[in-house]
Amino acid sequence: HPREIVLLTGPSGSGKTTLLTLMGGVRSVTEGSLQVLGSEMRCASESKRVLVRRNIGFIFQSHNLLSFLTARQNVRMAMELHHELDSAEIDRQVKEMLDEVGLADKLDTYPENLSGGQKQRVAIARALVAKPKLVLADEPTAALDKTSGRDVAALMQRLSKEMGCAIVLVTHDNRILDIGDRIVQMEDGRLTLAQA
């Protein structure tokens, strides 16, 4: 649901990341049924999966920033699919989102000059700048220390509520379980337990 954070937990190899890639239209669903944002993903064409992906932001464990681009340029990449916006409007939204994640002073900084927490904040800005309906986050706090991990989780929680987007967050990090509205466990490729 909008503004809901669903935490997806379970042992390594249970299928959590696979489920995220199926939800994100990165992989094809070949059996069963999976509906994402009202679209059936089973046997969906590549063009239909692209349409669904336009409404999804992705956050990865290792931030996946391009080292040769500044923070501003990394976030701007997420706006390239939005041809209806002119360059000045894209720049405004990118700057606003980096300010929102506390990096207004790091716009032109390259990833090598950012801390781990700052890199993950750039990744969050990149995921949210296009105002997606859904964010899929795969272990976004795993590589961060306790303080940075909590800060990133709290930031995601706040922005989800403010922007009205839902987040599905894969985690093994017990330090952030309190940000979830719901916890779903997965084992051997099956959802086994949900807790409110």
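Preceding this paragraph is the structure being described.
Asker: In this structure, what is going on with the overall build of the chain? I would like to understand it.
Answerer: Tallying secondary structure elements over the chain gives six helices and eight strands in all. Each helix (α) and strand (β) of the chain, taken in turn from the N terminus, gives the series β-α-β-β-α-β-α-α-α-β-α-β-β-β. Taking 16 Å as the expected radius of gyration for a compact globule of 196 residues, we find that the chain reaches 16 Å, a close match to that expectation. Projecting the C-alpha coordinates of the chain onto the three principal axes gives extents of approximately 45 × 40 × 30 Å. Counting the 196 residues in the chain, one finds 45% classified as buried. By element, 50% of the accessible surface of the chain is carried by carbon and sulfur atoms, the whole surface being about 10,000 Å².

Asker: Looking at this model, I keep getting lost on the packing of helix α5 (residues 116-128) against helix α6 (residues 146-163). Mind explaining?
Answerer: Each packed pair of helices is defined by two parameters, the angle between the axes and the distance between the axes. Running from amino to carboxyl end, α5 crosses α6 at an angle of 15°, the nearest separation of the two axes being 10 Å. Taken as axis vectors, α5 and α6 run roughly parallel relative to one another. Here α5 runs over α6; the crossing is right-handed. Within the contact between the two elements, α5 uses Gly117, Gln120, Arg121, Ile124 and Leu128 and α6 uses Ser148, Asp151, Val152, Leu155, Met156, Leu159 and Met163. Tallied by class, the residues present in the contact of α5 with α6 amount to seven nonpolar, three polar and two charged.

Asker: Hey, could you run me through the side chain of Glu139 in this one?
Answerer: Within the secondary structure, Glu139 is located in the loop between β5 (134-138) and α6. There is a polar contact of 2.6 Å between the side chain of Glu139 and the side chain of His172. Not counting the four nearest positions on each side in its chain, Glu139 is found in contact with Gln61, Val170, Thr171 and His172.

Rules behind the numbers
In every chain, residue numbers begin from 1 and rise along the written sequence. Given that this is a predicted model, residues contribute local features only at a pLDDT of at least 70 and side-chain atom pairs are listed and counted only at 80 or more, while totals for whole chains, interfaces and linings are drawn from all residues. Only hydrogens and water are removed before side-chain values are computed, so all heavy atoms of the structure are retained for them. For the purposes of this entry, the term helix denotes a DSSP run of H or I that reaches at least four residues, the term strand denotes a run of E that reaches at least two, and both are numbered from the N terminus. Throughout, the radius of gyration refers to the C-alpha atoms, and the reference size of a globule is 2.2 Å times the residue count to the power 0.38. Buried means the residue's accessible area, taken with a 1.4 Å probe over protein chains only, is under 20% of the maximum for its type, while exposed means over 50%, and partly exposed covers the values in between. In short, Shrake-Rupley with a 1.4 Å probe defines the accessible areas, and a residue's cover is counted only from the protein chains shown. Comment: axis = line fitted to C-alpha atoms, over the contacting stretch for helices; angle = value between 0 and 180 degrees taken between N-to-C directions. When an angle is under 35 degrees it counts as roughly parallel; over 145 it counts as roughly antiparallel; between 65 and 115 it counts as roughly perpendicular; any other value is oblique. Handedness of a helix crossing follows the sense of rotation of the near helix relative to the far helix, less than a right angle counterclockwise being left-handed and clockwise being right-handed. Residue contacts are counted whenever heavy atoms from the two residues lie within 4.5 Å of one another. All amino acids are sorted into three groups, where Ala, Val, Leu, Ile, Met, Phe, Trp, Tyr, Cys and Pro are nonpolar, Asp, Glu, Lys and Arg are charged, and the leftover types, Gly among them, are polar. Within 3.5 Å is the distance limit for a polar contact, defined as a pair of N or O atoms, with the added protein rule that one can donate a hydrogen and the other accept it, and that residues adjacent in sequence qualify only through two side-chain atoms.

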